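Secondary and tertiary structure notes
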Amino acid sequence: MEAELKFEFKGKEYKISLPNVGQYMMMEVLRQRYTDGQYGAMLKGDYLSQEATYMVEMRIIMQVLCPELTSDLKVDFVDLGLKDYTELRELYMEKIRPFINDMGVMLSTVPKK
């Protein structure tokens, strides 16, 4: 697994590295905070609820792992228009989400004794 991901958005290059333990913990805290503790229920919901979980994940990943992209958006993530959101979502689904999923696989692997 690669330790970092480089990607381009709106003509600028960004980098996301695997989180350290503190960043990983913060991501989980934010996941619960931004969904009022309902993240698990949202994952089990309909298509629109699942879309909202993507929005939450994107916001958290950008905030914790790529704050430069967050500041370059010029508005808070929650104030993005749907056109800009869908452009960012395409990047997330194609590049960032697979990188984050690989991290999840790494963490779920049972270490050999």
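A brief report on the enclosed structure follows. Sequence order as written defines residue numbering, which begins from 1 separately in each chain. Only residues with pLDDT of at least 70 get local features here, since the model is predicted, and only at 80 or more are side-chain atom pairs given and counted; chain-wide, interface and lining totals rely on the full set of residues. Only hydrogens and water are set aside when side-chain values are computed; all heavy atoms of the structure are taken into account.

What follows concerns empty space enclosed by the protein. Here a cavity denotes a set of grid points, spaced 1 Å apart and computed over the protein atoms alone, in which a 1.4 Å probe fits but from which it cannot get out, and a pocket denotes an open set meeting protein on both sides within 12 Å along at least five of seven lines; residues with an atom within 4 Å of a point are reported as lining. Grid points are joined across faces, edges and corners, and a volume is the space filled by probe spheres set on the points. Enumeration according to the criterion identifies one cavity of 30 Å³ or more in this entry. Approximately 30 Å³ is the volume found for the largest cavity. Forming the boundary of the largest cavity are Met58, Ile61, Met62, Leu88, Tyr92 and Ile96. Each helix is a run of H or I in the DSSP string that is no shorter than four residues. Each strand is a run of E no shorter than two, and both are numbered from the N terminus. Mapped by element, the contributors of at least two residues to the lining of the largest cavity are helix 3 (47–65) and helix 5 (82–108). Residue polarity follows a fixed list, in which Ala, Val, Leu, Ile, Met, Phe, Trp, Tyr, Cys and Pro are nonpolar, Asp, Glu, Lys and Arg are charged, and the others, Gly among them, are polar. Residue classes in the lining of the largest cavity are distributed as six nonpolar, no polar and no charged.

If you add up the space inside the largest pocket, you get close to 310 Å³. Together, 17 residues line the largest pocket, and Arg31, Tyr39, Glu57, Ile100 and Asn101 are the ones closest to its centre. Tallying contributions element by element places helix 5 first for the lining of the largest pocket, with seven residues. For the lining of the largest pocket, the per-class residue count stands at nine nonpolar, four polar and four charged. Lining the second largest pocket are Phe9, Lys10, Lys12, Tyr14, Leu69, Asp72, Leu73, Lys74, Val75, Leu80 and Asp84. Only strand 2 (12–17) and helix 4 (67–72) provide two or more residues apiece to the lining of the second largest pocket. Class assignment of the residues belonging to the lining of the second largest pocket gives a composition of six nonpolar, no polar and five charged.

This brings us to the pattern of salt bridges. Here a salt bridge means any side-chain nitrogen of Lys or Arg lying within 4 Å of a carboxyl oxygen belonging to Asp or Glu. With the rule as written, the count across this model stands at nine salt bridges. The shortest N-O distance in the salt bridge between Lys6 and Glu4 comes to 4.0 Å. Note on exposure labels: buried denotes an accessible area under 20% of the residue type's maximum, exposed denotes more than 50%, and partly exposed covers the range between, all computed with a 1.4 Å probe on protein chains only. Residue Glu4 is classed as partly exposed on the basis of its relative accessible area of 33%. Among the salt bridges present, the one from Arg31 reaches Glu57, with a minimum N-O distance of 2.5 Å. Taken together, the positions of Arg31 in helix 1 (residues 21–34) and Glu57 in helix 3 put the pair 26 residues apart, joining distant regions of the chain. The network of salt bridges with shared partners includes Glu4, Lys6 and Lys15.

Before going further, it helps to spend a moment on helix 3. Taking 1.5 Å of rise per residue, the 19 residues of helix 3 would be expected to cover 27 Å, and the 26 Å separating its terminal C-alpha atoms lies within 8% of that figure. Note on contacts: a residue pair is in contact if any heavy atoms of the two residues lie within 4.5 Å. The inward-facing, buried residues of helix 3 contact strand 2, helix 1, helix 2 (39–43), helix 4 and helix 5. Polar contact is the term for a pair of N or O atoms within 3.5 Å; when the atoms are in protein, one must be able to donate a hydrogen and the other to accept it, and sequence-neighboring residues count only if both atoms are side-chain atoms. The opening residue of helix 3, the one whose side-chain oxygen lies 3.2 Å from the backbone nitrogen of Leu48, is Asp46. Working rule for helices: expected span equals 1.5 Å times residues minus one.

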